[in-house]
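# Tertiary structure, described
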Amino acid sequence: MDRSKSVPDSPARRRVTVTDIAAGCGVSRSTVSLVLRGSPLVNADTRARVQAEIERRGYVYHRGAASLRRRTSNAVALVVNDLSNPFFAEFAGGVDAALAEAGYVLLLGSTGESPERQQAVLASLIEHDPAAVILSPAEHSDPARLRRLLAARMPVLVFNRALDGAGDDWDFLALDNRRGARLATEHLLQQGHRAIAFFGGHRDSSSCTERRAGYRDALDAAGIAPDPAWLVECAPTRLEAARQAGALFARDPAPTAAVCYNDAVALGLASGLAALGRRAGADFALTGFDDIPEASVSTPPLTTVAVAPRERGMQAARLLLARLGGDTQTPRRTVAPARLVVRASSLVPHAPNPPGDPA
């Protein structure tokens with residue numbers, strides 16, 4: 001055998017391409033690309049035929065190279081202020097589900113309510129060149145710093161907490177915080193309560209400001225001036241709420257009910273009340289906000305303002321996907337609905353003037 005002659009590569013050793021897959025199953029290159037990206041736009045029979053050809057030929061999809069060719073990314077970054085809050089776990093699950101349907105993957109970061117950590121997390125995620133960003137801002141975020149970091153690099157959607165003076169070209173998905181808190185307060189008023197606290201959150205957070213406004217709206221309509229002692233601030237976590245429960249009873253007369261900033265706060269307050277010898281749903285009425293999964297199975301089940309966190313995550317992702325698909329409308333402010341779900345924690349009737357007491 002003459003070994004001086006070169007031996008050409010066999011067809012089996014040649015790299016399989018998208019064109020090969022398309023030719024092998026009688027579809028277009030774009031259809032194969034849609035299947036590779038997991039797009040729901042391809043019908044089930046065609047998808048199965050393409051996937052069978054991919055497996056038969058041993059084709060491997062190089063996402064990095066595909067992104068370079070398209071000069072786009074298949075990733076979307078989500079940065080939340082408190083991943084330990086079950087609300088944001090549900091929200092992130094919704095974002096991920098909607099992105100997966102469209103062939104995108106999720107890059108997730110959490111700031112722990114630290115603006116400095118937020119800048120670092122965003123800077124790190126930007127290094128991975130995401131196609132877009134969903135941001136639930138940390139408390140005390142500096143809008144100007146965020147604008148300098150994100151600028152016009154990619155579409156940005158801000159969730160729940162407003163960034164005044166920045167993000168004029170960013171979409172904003174808000175919860176109906178004011179109406180939701182008003183519904184919760186009106187419900188407690190209907191139970192006969194007049195000394196109603198607003199418990200948890202920090203007043204300089206835009207979402208807390210809006211929820212406090214809804215609480216005041218309901219009290220004003222009932223002719224009640226809230227006592228400043230009824231406004232109890234704490235970090236919006238279960239642990240801090242449990243620690244601060246005693247603040248409700250520092251003065252007489254003490255509140256008989258509380259509108260809580262969120263469900264984590266309400267569940268923490270219920271634990272704190274138990275440590276003080278009181279029982280939510282028996283001698284103290286309380287409501288939450290969010291309707292996390294635990295709310296319906298807590299003891300007692302929690303009355304709350306339902307805002308469907310998983311659906312909100314899917315909504316946020318789809319708003320951004322529309323931008324990535326070429327939507328050039330002016331930035332939109334979308335307000336998600338809120339509804340009151342009544343459970344046992346608030347069903348504590350209270351008579352403001354029991355028989356025999358002076359009016």
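This report concerns the structure included in the present document. Computed from a predicted model, the values in this text were never measured in an experiment. (Residues numbered from 1 in each chain as written. Predicted model: local features only at pLDDT ≥ 70, side-chain atom pairs only at ≥ 80, totals over all residues. Heavy atoms only, no water.)

So, about the sheet that holds strand S4 (residues 156-159). Read from one edge of the open sheet, six strands run S2-S1-S3-S4-S5-S11, paired in parallel fashion. Two strands bound the open sheet, and with one partner strand each, they are strand S2 (105-110) and strand S11 (333-336). On average, adjacent strands in this sheet sit at an angle of 20° to one another, irrespective of strand direction. Examined bridge by bridge, strand S1 (residues 75-80) and S2 share six bridges and lie parallel to one another. In the strand pairing of S2, Leu-78 is matched with Leu-108. (Pairing = 2+ DSSP bridges. Helix = DSSP H or I, 4+ residues; strand = E, 2+ residues; numbered from the N terminus. Axes fitted to C-alpha atoms, helices over the stretch in contact; angles between N-to-C directions.)

In this section: the layout of surface pockets. Taken as a whole, the second largest pocket encloses approximately 220 Å³ of empty space. As for the second largest pocket, its lining consists of 13 residues, of which His-140, Ser-141, Ala-162, Asp-204 and Ser-206 are closest to the centre. Looking at the lining of the second largest pocket residue by residue, the classes come out as five nonpolar, four polar and four charged. (1 Å grid on protein atoms, 1.4 Å probe; cavity = no way out; pocket = protein on both sides within 12 Å on 5 of 7 lines; lining within 4 Å. Points joined across faces, edges and corners; volume = space filled by probe spheres on them. Nonpolar A, V, L, I, M, F, W, Y, C, P; charged D, E, K, R; others polar.)

So, on to the packing of aromatic side chains. For the structure on display, the rule yields seven aromatic pairs. Residues Phe-87 and Phe-91 carry aromatic rings whose centres are separated by 6.5 Å and whose planes lie at 10° to one another, so their mutual orientation is stacked. Here the residue Phe-87 and the residue Phe-91 both occupy positions in helix H5 (residues 86-101), the gap between them amounting to four residues, near one helical turn. The pair Phe-87 / Phe-91 is uniform in exposure class, with both members buried. Measuring from ring centre to ring centre gives 6.0 Å for Phe-249 and Phe-284, while their planes differ by 75°; the resulting arrangement is edge-to-face. With a gap of 35 residues between them, Phe-249 in the loop between helix H10 (238-243) and strand S8 (257-260) and Phe-284 in the loop between helix H11 (263-275) and strand S9 (285-290) connect regions that are remote in the sequence. Members of the aromatic cluster, each reached through a chain of ring pairs, are Phe-87, Phe-88, Phe-91 and Phe-159. Directly above the ring of Trp-170 sits Arg-147, whose terminal nitrogen or CZ lies 5.3 Å from the centroid. For Arg-211, the ring lying beneath its charged end belongs to Tyr-261, and the centroid distance is 4.6 Å. (Phe/Tyr/Trp six-rings, centres within 6.5 Å; stacked < 30°, edge-to-face > 60°. Buried < 20%, exposed > 50% of the residue type's maximum accessible area, 1.4 Å probe, protein only. Lys NZ or Arg CZ within 6 Å of the ring centre and 35° of its normal.)

Its location among the elements puts His-187 in helix H8 (residues 177-190). If sequence neighbours within four positions are ignored, His-187 has contacts with Thr-287, Thr-303, Leu-340, Val-342, Ser-346 and Leu-347. (Contact = heavy atoms within 4.5 Å.)

The next subject is the nonpolar core. Core analysis: the biggest nonpolar cluster contains 64 residues, and Phe-199 and Leu-269 have the highest contact counts within it. Ranked by residue count, the leading element in this core is H5, at seven residues. Setting aside its immediate chain neighbours within four residues, Phe-199 contacts Val-232, Cys-234, Ala-241, Gln-244, Ala-245, Leu-248, Ala-258, Val-259, Cys-260, Tyr-261, Val-265 and Leu-269. Core analysis: the next-biggest nonpolar cluster, separate from the first, contains 18 residues, Leu-125, Leu-135, Leu-150 and Met-154 among them. (Core = buried A, V, L, I, M, F, W, Y, C linked by side-chain atoms within 4.5 Å.)

Moving on, we come to the packing of H5 against helix H12 (residues 309-324). Between H5 and H12, the shortest axis-to-axis distance is 6 Å and the interhelical angle comes to 40°. Relative to H12, H5 is oriented oblique. As H5 runs across H12, the sense of the crossing is right-handed. Each of Phe-87, Glu-90, Phe-91, Gly-93, Gly-94, Val-95, Ala-97, Ala-98, Leu-99 and Glu-101 in H5 lies in contact with H12, whose residues at this interface are Pro-309, Arg-310, Arg-312, Gly-313, Met-314, Ala-316, Ala-317, Arg-318 and Leu-321. Residue composition of the contact of H5 with H12, grouped by class: eleven nonpolar, three polar and five charged. (Parallel < 35°, antiparallel > 145°, perpendicular 65-115°, else oblique. Left-handed = near helix turned anticlockwise from the far one by under 90°.)

In this section: the pattern of salt bridges. In the structure shown here, the tally under the stated rule is 16 salt bridges. The salt bridge partner of Glu-101 is Arg-318, with a shortest N-O separation of 3.6 Å. Here Glu-101 is found in helix H5, whereas its partner Arg-318 is found in helix H12, with 217 residues between them in sequence. (Salt bridge = Lys/Arg side-chain N within 4 Å of Asp/Glu carboxyl O.)

Spatial strand order, S7-S6-S8-S9-S10-S12: six strands in an open sheet with mixed pairing. Two strands lie at the open edges of the sheet, namely strand S7 (231-232) and strand S12 (339-341), each paired on one side alone. The pairing of strand S10 (residues 303-306) with S12 spans three bridges and is antiparallel. Pairing of Thr-304 across the sheet is with Val-341, part of S12. Together, strand S6 (196-199), S8, S9 and S10 form the strand contacts of H11, whose direction differs from that of S9 by roughly 155°.

Read these as spatial facts, not as claims about activity.
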